[in-house]
Each structure stands twice: as structure tokens, then as C-alpha cells.
Amino acid sequence: SLSEVAKLKPGGVFNVQLKVVGSEVKIFEINPRCSGTTPLTCEAGINEYGLCIESFGKPQVDYIDSFNSGLHLYRRWETIFY
């Protein structure tokens, strides 16, 4: 949730990996970098790199709630969108 992210006070790009355990969602890894699935995020209409540049120095950024859903990403030696 947004309130949970606010507690982290993030500054810049990071990704959080989650795992569902029973009925709970648990954080098991936080990385201070772009995710390996960043190409999927871009294909879904959210340009993380552009947002970082636009947000640089701003104390607060807008929440993103509009994106293309239903995409799948299969990773091999290359990234393929379908």
C-alpha cells in the first residue's frame, strides 16, 4: 500500500520482491536498482527511467494508477513481448 511505501521513504529507483505466505504478503528482498522486469513495466506504459528524470529533486511524486494490464513477459536470453 502507499502508506507502507511511505514508511520506507524511498528516494530513486528500487524494487521490492514479495511472496504470499498463507494469507499474508511478505517482503523478502528490497533492491536499490531497476528490476529485471523493468522492460515489462515500460511495455505496460510506465517509463521508469523517464519518471526518475522527471521526479528528480521533487519531494513528492504522483501515484501511477493507469497502465496496460494483461501483459506477459517470458525471459530467456532475450526479452519477448506478446
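In this text, all values refer to a predicted model and were calculated from it rather than measured experimentally.

About the criteria used
- Residues numbered from 1 in each chain as written.
- Predicted model: local features only at pLDDT ≥ 70, side-chain atom pairs only at ≥ 80, totals over all residues.
- Heavy atoms only, no water.
- Pairing = 2+ DSSP bridges.
- Helix = DSSP H or I, 4+ residues; strand = E, 2+ residues; numbered from the N terminus.
- 1 Å grid on protein atoms, 1.4 Å probe; cavity = no way out; pocket = protein on both sides within 12 Å on 5 of 7 lines; lining within 4 Å.
- Points joined across faces, edges and corners; volume = space filled by probe spheres on them.
- Nonpolar A, V, L, I, M, F, W, Y, C, P; charged D, E, K, R; others polar.

**Q** Could you clarify how one ought to interpret the pairing of strand 2 (residues 24-31) in this entry?
**A** Sheet faces and side chains relate simply in a regular strand, where the side chains alternate between the two faces. By the bridge criterion, seven bridges tie strand 1 (residues 15-21) to strand 2 in an arrangement that is antiparallel. Bridged to Asn15 within strand 2 is Asn31. The antiparallel hairpin formed by strand 1 and strand 2 contains two residues in its connecting segment, where Gly22 sits at a positive phi of about 65°.

**Q** I would appreciate a short explanation of the layout of surface pockets in the present structure.
**A** Any space left empty among the atoms is revealed by the rolling of a water-sized probe across them. Each pocket or cavity is described by its volume, and for the largest pocket that value is around 1900 Å³. Lining of the largest pocket is provided by 43 residues; of these, Val5, Pro10, Gly12, Phe14 and Val61 occupy positions nearest its centre. Tallying contributions element by element places helix 1 (residues 2-8) first for the lining of the largest pocket, with six residues. When grouped by side-chain class, the residues that make up the lining of the largest pocket number 24 nonpolar, eleven polar and eight charged.

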